[in-house]
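# Descriptive structure summary
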Amino acid sequence: MWYNHDQEVVLVLARPEIHLPSGRYLGTRNDKGTMTFMGIPYGRFAGRWKPLEPVEPGTALHDASGFGPACPQIEFGPYPAMKETVEFREETCFTLSVSTASLEGKKPVYVYIHGGANVAGGYFDPKIQTAGFVDTHPDLVAVTFNYRLGILGTLCLDGLTQDLDYRFSGNLSTLDQLMALRWVHDNIARFGGDPENVTIGGQSSGCASVKQLFFVRESWPLWKRAICQSGTTLSNSRPISLQAGRNAAWKLCEALGAHSLQDLLDMDVQRLLSVSPFAIGAGAVEDGLTLPVNMNELLCGKGADVLPRGKEILIGCMNGDMDGFAQDPASLETTRKNVAQGIGDMLRAMSQTLAEQYVDLLVPGKAGDARAAERLRTITDAQAEELIRLYEQSAPGEDPWFLLSDCLNDFLMYNPLALESAGLCRQNTVYLYVWDWAPGSAYPLRATHAMDVPFVFGARHTIPVPLTQAEQALAEQMYRRAAELWGSFIRGEPGIWEPFTPERKPTLQIGLELDMAQDPRSISGQCLAELLKG
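Values in this document were obtained by computation on a predicted structure and should not be read as measured data.

As a further point, take the overall build of the protein chain. In terms of regular secondary structure, the protein chain is built from 17 helices and 18 strands. In terms of C-alpha radius of gyration, the protein chain reaches 23 Å, essentially the compact-globule figure of 24 Å for 534 residues. Seen through its principal axes, the protein chain has C-alpha atoms that stretch 80 × 60 × 45 Å. If you take every contact in the protein chain between residues at least 6 apart in sequence, the share linking residues at least 24 apart comes to 75%. Taken as a whole, the protein chain presents about 21,000 Å² of accessible surface, with 51% of it coming from carbon and sulfur.

Judged by pairing direction, the sheet is mixed, and its 11 strands sit side by side in the order β5-β6-β8-β10-β9-β11-β12-β15-β16-β17-β18 without closing on themselves. Two strands close off the open sheet at either side, each with one partner strand: β5 (28-29) and β18 (514-518). Of the strands in this sheet, β9 (107-113), β11 (193-203), β12 (225-229) and β15 (312-318) touch helix α4 (residues 205-213), which is tilted by about 130° from β11.

Examined against the element boundaries, Thr429 turns out to sit in strand β16 (residues 429-435). Given the relative accessible area of 30%, Thr429 is considered partly exposed. Spatially, the C-alpha atoms of Thr429 and Leu314 are 8.6 Å apart, while their sequence positions differ by 115 residues. Thr429 has contacts with Lys311, Glu312, Ile313 and Pro499, leaving out every residue within four places of it along the chain.

Formed by 127 residues in total, the largest nonpolar core has its most connected members in Tyr42, Trp49, Phe214, Leu264 and Ile343. Looking at this core element by element, the count peaks at 13 residues for helix α14 (residues 400-424).

Turning next to the pattern of salt bridges. Applying the stated criterion across every chain yields a total of 28 salt bridges. Across the salt bridge formed by Glu53 and Arg44, the nearest N and O atoms sit 2.4 Å from each other. When its relative accessible area of 32% is taken as the criterion, Arg44 is described as partly exposed. Members of the salt-bridge network, linked through shared partners, are Asp323, Asp406, Asp410, Arg446 and Arg521.

Where helix α13 (residues 381-393) meets α14, the axes come as close as 10 Å, and the angle between the chain directions of the two elements is 120°. Relative to α14, α13 is oriented oblique. Relative to α14, the crossing made by α13 is right-handed. Contacts from Leu387, Ile388, Tyr391 and Glu392 in α13 reach Leu403, Leu404, Asp406, Cys407, Asp410 and Phe411 in α14.

Rules used in this analysis
Residues numbered from 1 in each chain as written. Predicted model: local features only at pLDDT ≥ 70, side-chain atom pairs only at ≥ 80, totals over all residues. Heavy atoms only, no water. Helix = DSSP H or I, 4+ residues; strand = E, 2+ residues; numbered from the N terminus. Rg over C-alpha atoms; globule rule 2.2 N^0.38 Å. Contact = heavy atoms within 4.5 Å. Areas by Shrake-Rupley, 256 points an atom, 1.4 Å probe, with all protein chains shown as cover. Pairing = 2+ DSSP bridges. Axes fitted to C-alpha atoms, helices over the stretch in contact; angles between N-to-C directions. Buried < 20%, exposed > 50% of the residue type's maximum accessible area, 1.4 Å probe, protein only. Core = buried A, V, L, I, M, F, W, Y, C linked by side-chain atoms within 4.5 Å. Salt bridge = Lys/Arg side-chain N within 4 Å of Asp/Glu carboxyl O. Parallel < 35°, antiparallel > 145°, perpendicular 65-115°, else oblique. Left-handed = near helix turned anticlockwise from the far one by under 90°.

Written out as structure tokens, the structure is:
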């Protein structure tokens, strides 16, 4: 309503109210009319390392204007600086944020899973606010949520207890995400969303989470499309074996002086977090219950019976995803060795079957060559350095730092994504892209990891560099570009996207202009063919 205050006309936006089985929730409405409800529970905490239970019914009125508590987490990336925004210490973190322009209709829904290396983050992140997304797309409904992270979400207790209540402990992050999707399916119509037209998406570890959900059969009826931004389970978010999961739990006990599961259950959460998941090798577990054994082999072509069918899947990365990950600013030679180590580690982690899939798709002239696949997965650091030398020779005159990042990006990001696309496109429609624009001449790197996220969510205030007026105009073009591409995909209108095929590997290169290129990163395969010849 309107009222007059000191001779000024002021618009007062009445707080919207939503009625759910768990109670009534008072949200907020911004100056564009977008309604947002935060802190709504989607699951009930049943105890540390136990699966969630359904939310209890209720009728009470709740304030839904503020962030729900984030999962307790280690210091990682940009998230510690956001501690003033949100409470980090609650293990009962299972809430979500929903934004909508209207409570009426049947609008397509976008459910976004946040990233953060599966150890940090939450929907408090200013880059992924649902209100900003709906401001740009008032014909869509947007959802984000918090879930268990790090040791709380992926600690395999199989070696510590036979209690069946804990048999899923190695993949609780995934099961929390499944519970959130069930909540969306059951409740999103109340927000004007269509439960039969849901797109799930995520970036980095959130992207890997989406791919892990591909293997959760119970999730298949809950989503229609998927968007996977800059994350692959073949390299940066590779699941671990059941034995490796057991080893991680034993290492945690040793580090904390715990002698039993009960000791860990009694322990303060902050003490648990004093041990980094990276230090003990914890991660999503191929336990045969939630995630299958040899998951990546199945994802890349061997899993017709355990993967969904008839979905639309958008997969892509940045042209500079690896910029800064391996660089030692003081030494080009040290950077070269770091890159060689990263490539070698990734290739050596592949099984023989996965290596054969890799060679068949990505190394010209080597299809069906099991010996070449064996050599690939047993590559030495010296051979990896020779591979980099061949890569450098293919592009004389290029910036040596960016060339090393290109090499790392090809092997740790683009090639794995192409391999995943080749497997998924057998029974789904897959589109592949590379984002190759970054804002501002002041930015020291290129289109780096997560640089696309603010553009997708319309989070203009989160760009990390000052922009000139001319640069701001270009950035606005990219905001519109992201809105057009992501919005049309979520609506089921792929438009310019060309379906991926293993033969042509069509890849949409996203910048100020759009370019549909065929196999644009083939240089890495050519270098591998040269290394493996003979």
